[in-house]
Structure formats: C-alpha cells, structure tokens
Amino acid sequence: MSTTAVTEPAKDPRGPWVRRLPVISHFNKSVGLQRGMLVAGLVLTAVFLLTAILRRWSRPLVSPRFPMPTAASRPSKRRAGST
C-alpha cells in the first residue's frame, strides 16, 4: 500500500494585503515620536476629509445671514458720464 501525501498550498510569506498597505506597514514599523506624528497626520487628514464630505449636508458656519450682493446690484464706482 502506498500513501500519497497531500501537499497544502504554500502560504503567502508576505502576509495579508491589508497589512502591506503603506500607511499600515509604516505604522507597524514606527516608534516613539515618529509614530505620534504619523497618528497626528492621519487624524488631521481624517478630520479634513470628513469635514469636506459632510460639508454638503451641513449648515454653513461662517456666512452672512443675507445673500451676498452681486455685481449688478452694487452701485457703480464710476462717475456719471465717464466710460
């Protein structure tokens, strides 16, 4: 009787693709101040992107209560009769 050995497929030595993403791999390799700066940058970027995405549905925070006057509604600075 002969037995046949079933070979398992070789595991990828590089690991899962998620852990190989640049930000994740750099986070895993960083220590101390470098890691702190990386986390601060990621947090600021996330806040900026979240603000930009949600801006469309939010009420404007810094804007006048009345619409801005257009160029046609503003009085002209030219003197009468000048071109």
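Preceding this paragraph is the structure being described.
Heads up: these notes are all about the structure in this document.

About the thresholds
All residue numbers here refer to positions counted from 1 along the written sequence of the relevant chain. Totals for whole chains, interfaces and linings use all residues, but because this is a predicted model, local features are given only for residues with pLDDT of at least 70 and pairs of side-chain atoms are given and counted only at 80 or more. Based on all heavy atoms of the structure, the side-chain values leave hydrogens and waters out of the count. Starting at the N terminus, helices and strands are each numbered in turn, a helix being any DSSP run of H or I of at least four residues and a strand any DSSP run of E of at least two. Using a 1.4 Å probe on the protein chains alone, a residue whose accessible area is under 20% of its type maximum counts as buried, one over 50% counts as exposed, and one in between counts as partly exposed. Polar contacts here mean pairs of N or O atoms no more than 3.5 Å apart (in protein, one a potential hydrogen donor and the other a potential acceptor; neighbouring residues in sequence count only if both atoms are side-chain atoms). In this description, contact between two residues means that some pair of their heavy atoms is separated by no more than 4.5 Å. Any two of the Phe, Tyr and Trp rings considered here, Trp counted by its six-membered ring, make a pair once their centres fall within 6.5 Å; the pair's planes then place it as stacked at under 30 degrees, edge-to-face at over 60, or tilted in between. The rule is short: NZ of Lys or CZ of Arg within 6 Å of the ring centre and within 35 degrees of the ring normal puts a charge over the ring.

Quick notes on the side chain of S25
Move 1: Among the structural elements, S25 can be located in helix α1 (residues 22-29).
Move 2: A relative accessible area of 14% places S25 in the buried class.
Move 3: Only 3.1 Å separates the side chain of S25 from the backbone oxygen of P22, close enough to count as a polar contact.
Move 4: When sequence neighbours within four positions are dropped, the list of residues in contact with S25 reads R19 and R20.

Let's talk about the packing of aromatic side chains
Move 1: A complete count under the given rule lists 0 aromatic pairs for this structure.
Move 2: Between the NZ or CZ atom of R35 and the centre of the ring of F27, over which it lies, the distance is 4.4 Å.

Regarding the side chain of S30
Move 1: Relative to the helices and strands, S30 resides in the loop between α1 and α2 (32-54).
Move 2: A polar side-chain atom of S30 sits 3.0 Å from the main-chain carbonyl oxygen of F27.
Move 3: The residues contacting S30, other than those within four sequence positions of it, are R35 and L38.

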